[in-house]
Amino acid sequence: MSKNIIVNGKFGDEGFLLGNEAIVRGALESGIDIYTYYPGTPSSEVGETFTDIYKETGMKWVECSINEKVAIEVAGAAYARGATAMVGMKNVGLNVASDPLFALATTRPNNKNSAMVILVADDPQQYSSAVEMDSRNYLKLFKIPALEPSNPQECLDFTKEAFKISRKLKLPVLLRTVTMVSHARSNVIIGEIKQSKIEEDFDLPKEVNVALRIFFLDMKENHIYNRMKEALEMSENSTLNRVENEDAINEFKLGIITSGVSYTYVLEALRFLELNVPLLKIGFINPIPVKKITSFLETYDQVFIIEENDTFLETQILAIAQMNKLKVIIHGKDPFSYSKKNSLLPFVGELNPTLVALALIKITNLKPKVDINEINEKKYNIMERKPIMCAGCPHRTTGYALQKAVKKIKSKTGKNIYFYQDIGCYTLLALPPFSFANVKYCMGSSIALAQGVARTSESLNIAIIGDGTFFHSGIPALLNGIYNKTPILVLILDNGWIGMTGQQPHPGSDTRYYKEGNLKKSIDLEQFLRGTGANVAAIKHYENIDERYTSNLKNLIFEKGVDIAENKNLHVILIKDECIQKIVKRQPIIIRYVDTELCNNCGICYSQFLCPAIDERDNSAFIDSNLCLGCGICEEICPNNAINMEDVL
């Protein structure tokens, strides 16, 4: 249904869309030519939707790029030559893309069609991210316009507005969403799809074509004093910045300034408290409308700034009040005290209507009929679910084999062994019973981390990285280790896909098994690694054909680990074992069963291997047929041959 309305919907039609889906439709209504992205929750659905539909809509190209830096460079070049371009990523991806974005910000194409929108999806509460960060802080550095929608309808409307602003100013425009907007779903009224109008001339000013130092300061000056000044005027006049409930009167002479998803929390909190308060909703978040904010501050004795995470708005509004010598009391997070006690709202994690209401109660001393503080502090007994890899996950097999190998290596060499994790499903190997994590920083860092300790310790250092992450940003670190002859063991867990964000393809994925594969050329990762000159060993799990796979993997890790400890070599082991979620889509699941006559309840399968499909029942191992995905590893590791493919009952 969503695809149909996104592709075929007519002007005035209404669809029940995710925020991310509404962004896609908004881009189509802006005549988008190219979308590039690197998948990352909560932004992934945008790229997946574009990939599914772009041929039907007349777009020129969509790609899942190797990383965010490449994605923004591909889209940025298309923008420079006259295309309507968009690039998507999650919060931490903006860190990777920041280098070329600085250059893009000063680039000014002459082509009237050129427009570029950068979608960045933040993840307050860190639901699926290595860190919690507020991407708005980059706006101070890039000095580019930015918009922030608060619901799916605004996701569509603000996307269209972002392209209009970019096309007029010839600046990239950042569209900032958060998880609760990207993944919200509501009725959205759509407009009309437009086809792009690319002019074939590659028309860039000479100072951009030849980006020498002598031109840069002039470009930067034009960027700040001309285009961003014009952006400020647009922000002052934009309907995205509006005062709601302007005639409201309250005894506290209180007004509220808010933006994005926080706006929806404010509305709910005000309804609950039966409080009538004027709201200044900021949708054009950079540059903020200084005159409009000043006028709002002059009108009220107290103003409460409500925003998630950092004090991006609050800090600027405090400066505006100081510049204008206003006596208004500004409530918020008190950004300069770093005091949890002084902050009416938290710097960390998501806001919600309850937190906003509690903060308003502190300001107003209202006494609602329901004690929401008691509700907020109430603890509920809920069923806990430990973070755990899928049943049949190949990384569990690697963890099990690594655990056995490490014991043997320690016994033989007496070395301390340390582990360096990366970003992916295999990060869960950091948890018991495997506990393979001494340090983890960011995507692609594990190999370099191992090198840092190897140069300052006699320990054996093992980097664990996935194939998608290796392609994304692990390659330079490996080349650094090879060049410097650093004695480390690199385990590349090649499951064939970018598993954690939904099994998206990467350069090493099998082109037979994804829709746009016929347009791609798969890179042979083993051949690539051997081309670096590294000591490379590869092992493959042939979908249950190799009955000694786990044992062979354990022995291989042991052999290479000992050689590193004794001879100071660098070794790479490529472990090819495909994501079980992809396998089960292509072939029938072969469920395993436990022969209770042979099982002595040793617990290896459910307590050491920790498969979530296996548990203890009636003093025996038991495989839940509703959870088993048929990887077959439990059958292989059972010391009593009590697990097989036939139900003995």
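Residues numbered from 1 in each chain as written. Predicted model: local features only at pLDDT ≥ 70, side-chain atom pairs only at ≥ 80, totals over all residues. Heavy atoms only, no water.

(A) Examining the overall build of the protein chain more closely. Within the protein chain one finds 23 helices and 23 strands. Computed over its C-alpha atoms, the radius of gyration of the protein chain comes to 28 Å, within 12% of the 26 Å expected for a compact globule of 649 residues. Each principal axis of the C-alpha distribution contributes one length, and for the protein chain these read about 80 × 65 × 55 Å. Put simply, the protein chain has 649 residues, and 55% of those count as buried. Considering only contacts within the protein chain whose residues lie at least 6 apart along the sequence, 77% involve residues at least 24 apart. Accessible surface, the protein chain: about 29500 Å² in total, of which carbon and sulfur atoms supply 51%. (Helix = DSSP H or I, 4+ residues; strand = E, 2+ residues; numbered from the N terminus. Rg over C-alpha atoms; globule rule 2.2 N^0.38 Å. Buried < 20%, exposed > 50% of the residue type's maximum accessible area, 1.4 Å probe, protein only. Contact = heavy atoms within 4.5 Å. Areas by Shrake-Rupley, 256 points an atom, 1.4 Å probe, with all protein chains shown as cover.)

(B) Up close: the sheet that holds strand S11 (residues 279-282). The strand order across the open sheet formed by five strands is S9-S11-S10-S13-S14, and the pairing between neighbours is mixed. Where the open sheet ends on each side, the last strands, each with one partner, are strand S9 (241-244) and strand S14 (329-331). Neighbour-to-neighbour, the strand axes of this sheet turn through a mean angle of 20 degrees, independent of strand direction. Of the strand pairs in this sheet, strand S10 (residues 254-259) and strand S13 (residues 302-306) are connected by five bridges, and their pairing is parallel. Opposite Ile256, over in S13, you have Phe304 as the bridge partner. (Pairing = 2+ DSSP bridges. Axes fitted to C-alpha atoms, helices over the stretch in contact; angles between N-to-C directions.)

(C) A look at the packing of helix H11 (residues 260-273) against helix H14 (residues 353-364). The N-to-C vectors of H11 and H14 enclose an angle of 55 degrees; their axes lie 8 Å apart at closest approach. Here H11 lies oblique to H14, going by the angle between them. Here the hand of the crossing between H11 and H14 comes out right-handed. In this structure, H11 contributes Tyr265, Val266, Glu268, Ala269, Leu270 and Leu273 to the contact, and H14 contributes Pro353, Val356, Ala357, Leu360 and Ile361. A breakdown of the residues in the contact of H11 with H14 according to their chemical character gives 10 nonpolar, no polar and one charged. (Parallel < 35°, antiparallel > 145°, perpendicular 65-115°, else oblique. Left-handed = near helix turned anticlockwise from the far one by under 90°. Nonpolar A, V, L, I, M, F, W, Y, C, P; charged D, E, K, R; others polar.)

(D) Local environment of helix H17 (residues 446-454). Within the span of H17, buried status applies to Ser446, Ile447, Leu449, Ala450, Gln451 and Ala454. On its buried side, H17 packs onto strand S15 (417-420), strand S16 (460-466), helix H18 (467-483) and strand S17 (489-494).

(E) Up close: the packing of aromatic side chains. Inspection of the entire model under this criterion finds 11 aromatic pairs. One aromatic cluster is present, built from ring pairs that chain together Tyr35, Tyr37 and Phe50. Taking NZ or CZ as reference, Arg396 lies 5.9 Å from the ring centre of Phe609, over its face. The residue whose ring lies beneath Arg617 is Phe622, and the NZ or CZ to ring-centre distance is 3.7 Å. (Phe/Tyr/Trp six-rings, centres within 6.5 Å; stacked < 30°, edge-to-face > 60°. Lys NZ or Arg CZ within 6 Å of the ring centre and 35° of its normal.)

(F) Structural detail: a nonpolar patch on the surface. Together, Phe272, Val370, Ile375, Tyr380 and Ile382 make up a nonpolar patch on the protein surface, roughly 510 Å² of accessible area in all. Take Ile382: its relative accessible area is 67%, and that puts it in the exposed class. (Patch = residues over 30% accessible without salt bridge, like charges linked within 9 Å, V, L, I, M, F, W, Y side chains within 5 Å. Salt bridge = Lys/Arg side-chain N within 4 Å of Asp/Glu carboxyl O.)

(G) Representation of the side chain of Ser459 in the model. By the secondary structure assignment, Ser459 is in the loop between H17 and S16. For Ser459, a relative accessible area of 11% gives the class buried. Within the local environment of Ser459, its side chain forms a polar contact with the side chain of Ser457, the two groups lying 2.8 Å apart. When residues no more than four places from it in sequence are discounted, the contact partners of Ser459 are Asn416, Tyr418 and Val453. (Polar contact = N/O pair within 3.5 Å; in protein donor to acceptor, adjacent residues only side chain to side chain.)

(H) Geometry of the sheet that holds strand S18 (residues 535-540). With respect to topology, five strands assemble into an open sheet ordered S15-S16-S17-S19-S18, the strand pairing being parallel. A strand with exactly one partner marks an edge of an open sheet, and here the two such strands are S15 and S18. For this sheet the average axis-to-axis angle between neighbouring strands, irrespective of direction, equals 20 degrees. Relative to S16, S15 is paired through four bridges, and the arrangement is parallel. Looking at the pairing, Phe419 lines up with Ile462 of S16. Helix H16 (residues 394-413) contacts S15, S16, S17 and strand S19 (571-576) of the sheet and is inclined by roughly 155 degrees relative to S15. Across the sheet, H18 is in contact with S16, S17 and S19; its angle to S16 comes to roughly 135 degrees.

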